[in-house]
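Coordinate inspection notes
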Amino acid sequence: MSPAIIFYGFLVFSLFLCIHVFIWRIKISRISSLVVLIIFIVVPSALYAVLLGLGMAMPMKLNAVQLSEVYVLHLSLSAVYIASYPAVRAISPTLEIILMITAAPDGKMTEESIVNRFATTTLVKARIDDLMIYRLIVERNGRIELTGLARLITRCFVLFRKALGLPVGRG
Amino acid sequence: MQTELIMIGILLVSPVIVFVGHTGLSRIYRSQPPQLVAVKAIILGLLPTGALLWLFVFRAVPVNAEAASMFIYCILVYFSLGLTYFHFFNMSETARRIRILYEIEKAGSLSPDGLTALYKTNDIITIRLKRLVAIKQIEYSGQYYTLRGKTLYVAALCILAWRKILNLDHRND
């Protein structure tokens, strides 16, 4: 394998990262996680399929196997970014706690003062709103229900935890 | 060429290898922080993945600069996919949205107040404080929590910086 493959893989990932930053600085979509998926996975996959299907040599003069290697490296780097993006999109309470403690006078806080800094509206309601935007939950007659897709996602996670011999995560 | 396709195939399957190892480790190391066990699974997964890569790829490749590139490529892809697996596992362990979906599925349906009552602010924060103590990022002494490890603190700073670049700073959507 030519060392250039690794360079091209990072180059492609960096290119889509720049596109992501450019779009975000113009307008941030309410379904930003889905847009991240489209930028990093859907668009590059479509480009890869077209280039492969047409048997076209990339500007970098790669054959099909080399193109696949670049694509897989880009996918791997993208997978990490996509998996990390929720923590960027809405700072997790865990990281907020750490920042809070570090910023506190003398760098220490009691549990009560930490809890008081969080409102239930931020911790739970914001997540409920999120799930509604992505149509994973719907409100019917004053009650919240899962959509079909949400049921599938939930069952996958439950099965995953069962396979690991672990109870469902406490959140 | 065929060797490189086999290499890609083994790397793409490596998260499954990690998962299989994780199913055993999570039962053996029940008392350890789950995130630490997941990291162990990723590191240990190097053994079977490395063995497969050696048997089907590297054994036939002469030792030269191209083989070194292949090795670096394998490390990059393996750990990228491994880190993705870790994030997926951590989501199953800590994500509020997953917990909310699970609670609703268990109950069939819930009122918004019912959901908030099940999943209280106190519980959310207490769980996280216990986790942070368990993974040695904070310590509890004399009724106060203080910073201990720097890993998550550095991660938090990086995230804040990246949020500024993405212009997310003015909102927490």
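So, how was this worked out
Residues numbered from 1 in each chain as written. Chains lettered and ligands numbered in written order. Predicted model: local features only at pLDDT ≥ 70, side-chain atom pairs only at ≥ 80, totals over all residues. Heavy atoms only, no water. Helix = DSSP H or I, 4+ residues; strand = E, 2+ residues; numbered from the N terminus. Buried < 20%, exposed > 50% of the residue type's maximum accessible area, 1.4 Å probe, protein only. Contact = heavy atoms within 4.5 Å. Areas by Shrake-Rupley, 256 points an atom, 1.4 Å probe, with all protein chains shown as cover. Lys, Arg positive; Asp, Glu negative; His and termini not counted. Charge placed at Lys NZ, Arg CZ, Asp CG, Glu CD. Pairing = 2+ DSSP bridges. Axes fitted to C-alpha atoms, helices over the stretch in contact; angles between N-to-C directions. Buried area = accessible area lost by both parts, 1.4 Å probe. Salt bridge = Lys/Arg side-chain N within 4 Å of Asp/Glu carboxyl O. Polar contact = N/O pair within 3.5 Å; in protein donor to acceptor, adjacent residues only side chain to side chain. Phe/Tyr/Trp six-rings, centres within 6.5 Å; stacked < 30°, edge-to-face > 60°. Lys NZ or Arg CZ within 6 Å of the ring centre and 35° of its normal. Patch = residues over 30% accessible without salt bridge, like charges linked within 9 Å, V, L, I, M, F, W, Y side chains within 5 Å.

1. Topic: the overall build of chain B
- Counting its secondary structure elements, chain B contains eight helices and two strands.
- When the elements of chain B are put in sequence order from the N terminus, they spell out α-α-α-α-α-α-α-β-β-α.
- Buried residues in chain B amount to 42% of all 173 residues.
- Restricting to contacts in chain B with at least 6 residues of sequence separation, those with at least 24 account for 53%.
- Accessible surface, chain B as shown: approximately 8,900 Å² in total, 66% of it carbon and sulfur.
- Computed over 18 positive and 10 negative side-chain charges, the separation of the two mean positions in chain B equals 7 Å.

2. Description of the sheet that holds strand 1 (residues 108-109) of chain A
- The strand order 1(A)-2(B)-1(B) describes an open sheet built from three strands, whose pairing is antiparallel. Whereas interior strands pair on both sides, the edge strands pair on one side only; in this sheet they are strand 1 of chain A together with strand 1 (138-141) of chain B.
- Across the sheet, helix 4 (residues 93-103) of chain A lies against strand 1 of chain A together with strand 1 and strand 2 (144-147) of chain B, angled at about 95 degrees from strand 2 of chain B, the strand it touches most.

3. Here's the deal with the interface of chain B and chain A
- The interface is formed by 82 residues belonging to chain B together with 84 residues belonging to chain A.
- In total, chain B and chain A occlude about 7,900 Å² of area from one another, counting both sides; carbon and sulfur atoms represent 69% of this.
- Considering only the surface of chain B that becomes buried against chain A, B:R96, B:R97 and B:L101 emerge as the three largest contributors, covering 9% of it.
- Applying the counting criterion to the chain B and chain A interface returns three salt bridges.
- Residue A:R161 pairs with B:E93 through a salt bridge whose shortest N-O separation is 2.6 Å.
- Connecting chain B to chain A are 27 residue pairs in polar contact (both at pLDDT 80 or more).

4. Here's the deal with the environment of A:L99
- Mapped onto the elements, A:L99 comes out in helix 4.
- A residue is classified by how much of its surface remains accessible, and A:L99, at 18% relative accessible area, is buried.

5. Brief notes about the packing of aromatic side chains
- According to the stated counting rule, one finds 14 aromatic pairs over all chains in the structure shown.
- Here A:Y48 and A:Y71 contribute two aromatic rings whose centre-to-centre distance is 4.0 Å and whose plane-to-plane angle is 5 degrees, an arrangement assigned as stacked. Placement of the pair is A:Y48 in helix 2 (residues 32-54) and A:Y71 in helix 3 (residues 64-89), with a sequence separation of 23 residues.
- Grouping aromatic residues by their ring pairs yields a cluster made of A:F13, A:W24, A:F40, A:Y81, A:Y85 and B:W162.
- Residue placement shows A:K108 over the ring face of B:Y144; its charged tip is 4.6 Å from the ring centre.
- The lysine or arginine in question, B:K40, covers the ring of B:Y29, its NZ or CZ lying 4.3 Å from the ring centre.

6. Topic: a nonpolar patch on the surface
- Judged by side-chain polarity, A:I31, A:L34, A:L37, A:I38, A:V42, A:V43 and A:L47 come together as a nonpolar surface patch covering roughly 520 Å² of accessible area.
- Locating A:V42 in the fold gives a position in helix 2.

Nothing here speaks to function; it is all geometry.
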